[in-house]
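In case you want the letters, here they are:
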Amino acid sequence: PKHSEIKCINALKILQTYPKEWITFHGLEGPLSPGDYYELIAKGHINLCPYDKATYRSRSSGTLTEAIAAGMPTIVPDNTWLSSQQPLETGLSFNGLDDFLIKTCQLIDNYAAFFEKAKSAKDEWLRKQDPKNLILEAVKENNSAHRVN
């Protein structure tokens, strides 16, 4: 395993020593059922995406998009597709494990402000991501490409 993976495994071991009323882990034993997953998204407070920056530079994350659609503050790797999708002031981006830990503390300390911005951004995100709007944009683009001057 890479050095960063070892640090994450060690961090998980430390977190698992905390009392269960402080922290809850989901999906460590395997994938959640769709129902359990969506219930968890609906009840969540912060979506942490400690993804590897190199791997996710141009990859998407369904978990991120679902958290944004739920109005949940997020923490994502800096300078990636994930950070480009994060609505303004609804979360933070990080560069490396140490920065991830710092940003997580910052978001927790200022949770109310991030939560309000995330809730406000939710409706715009859902409107923008509506499949009907995608089709309308594609048709508009197609019509523009075929217009004769």
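The sections below set out a description of the structure shown in this document.

Calculation rules
- Residues numbered from 1 in each chain as written.
- Predicted model: local features only at pLDDT ≥ 70, side-chain atom pairs only at ≥ 80, totals over all residues.
- Heavy atoms only, no water.
- Helix = DSSP H or I, 4+ residues; strand = E, 2+ residues; numbered from the N terminus.
- Buried < 20%, exposed > 50% of the residue type's maximum accessible area, 1.4 Å probe, protein only.
- Contact = heavy atoms within 4.5 Å.
- Lys, Arg positive; Asp, Glu negative; His and termini not counted.
- Charge placed at Lys NZ, Arg CZ, Asp CG, Glu CD.
- Pairing = 2+ DSSP bridges.
- Axes fitted to C-alpha atoms, helices over the stretch in contact; angles between N-to-C directions.
- Parallel < 35°, antiparallel > 145°, perpendicular 65-115°, else oblique.
- Nonpolar A, V, L, I, M, F, W, Y, C, P; charged D, E, K, R; others polar.
- Salt bridge = Lys/Arg side-chain N within 4 Å of Asp/Glu carboxyl O.
- Polar contact = N/O pair within 3.5 Å; in protein donor to acceptor, adjacent residues only side chain to side chain.

A separate point is the overall build of the protein chain. The secondary structure content of the protein chain amounts to 7 helices and 3 strands. Starting at the N terminus and ending at the C terminus, the protein chain contains elements arranged as α-α-β-α-β-α-β-α-α-α. Each of the three principal axes of the protein chain carries a C-alpha extent, and together these read 70 × 30 × 30 Å. The buried share of the protein chain, reckoned over its 149 residues, is 23%. Within the protein chain, contacts between residues at least 6 apart in sequence are counted, and of these 52% link residues at least 24 apart. Counting 17 positive and 18 negative side-chain charges, the protein chain places the averaged centre of each group 4 Å from the other.

Before going further, it helps to spend a moment on the pairing of strand β2 (residues 74-77). Direction of pairing for strand β1 (residues 47-48) relative to β2: parallel, over a ladder of 2 bridges. Across the sheet, residue Leu-48 finds its bridge partner in β2, namely Ile-75. Inspection of the sheet shows β2 paired to strand β3 (residues 91-94) by 4 bridges, in the parallel sense. Within the sheet, the bridge partner assigned to Thr-74 lies in β3 and is Gly-91.

This part takes up the sheet that holds β1. Pairing is parallel in the open sheet, where 3 strands are placed in the order β1-β2-β3. Two strands in the sheet have a free side with no partner beyond their single neighbour: β1 and β3. Here helix α5 (residues 97-109) sits on the sheet and contacts β1, β2 and β3; the angle it forms with β3, its principal contact strand, is near 170 degrees.

Relative to the helices and strands, Leu-134 is located in helix α7 (residues 131-145). Separated by 49 residues in the primary sequence, Leu-134 and Gln-85 have C-alpha atoms spaced 16 Å apart.

This paragraph deals with the packing of helix α3 (residues 62-69) against helix α6 (residues 111-128). Two elements in contact, α3 and α6, have axes separated by 8 Å at closest approach and are oriented at 120 degrees. Viewed along their axes, α3 and α6 adopt a mutual orientation that is oblique. The segment α3 lies against α6, with Thr-65, Ile-68 and Ala-69 engaging Lys-122, Trp-125 and Leu-126. Its residues assigned to classes, the contact of α3 with α6 comprises 4 nonpolar, 1 polar and 1 charged.

Take the pattern of salt bridges next. Side-chain pairing between opposite charges can occur once the charged atoms of the two side chains come close. Evaluated as defined, the whole model comprises 4 salt bridges. Close ionic contact of Glu-89 with Lys-117 constitutes a salt bridge, the shortest N to O distance being 2.9 Å. You can see Glu-89 sitting in the loop between α4 (81-85) and β3 and its partner Lys-117 sitting in helix α6, a full 28 residues away along the chain. For Glu-89, a relative accessible area of 44% translates into the label partly exposed.

Attention now moves to unusual backbone geometry. Residues other than glycine seldom take positive phi values, yet Asn-79 does so here, at roughly 55 degrees. Position of Asn-79 among the secondary structure elements: in the loop between β2 and α4. Phi angles above zero are rare outside glycine, and Glu-89 is one such case at about 65 degrees.

Time to look at the side chain of Thr-74. Mapped onto the secondary structure, Thr-74 falls in strand β2. In this structure Thr-74 comes out as buried when scored by relative accessible area, which is 0%. Separated by 2.8 Å, the side chains of Thr-74 and Gln-86 make a polar contact.

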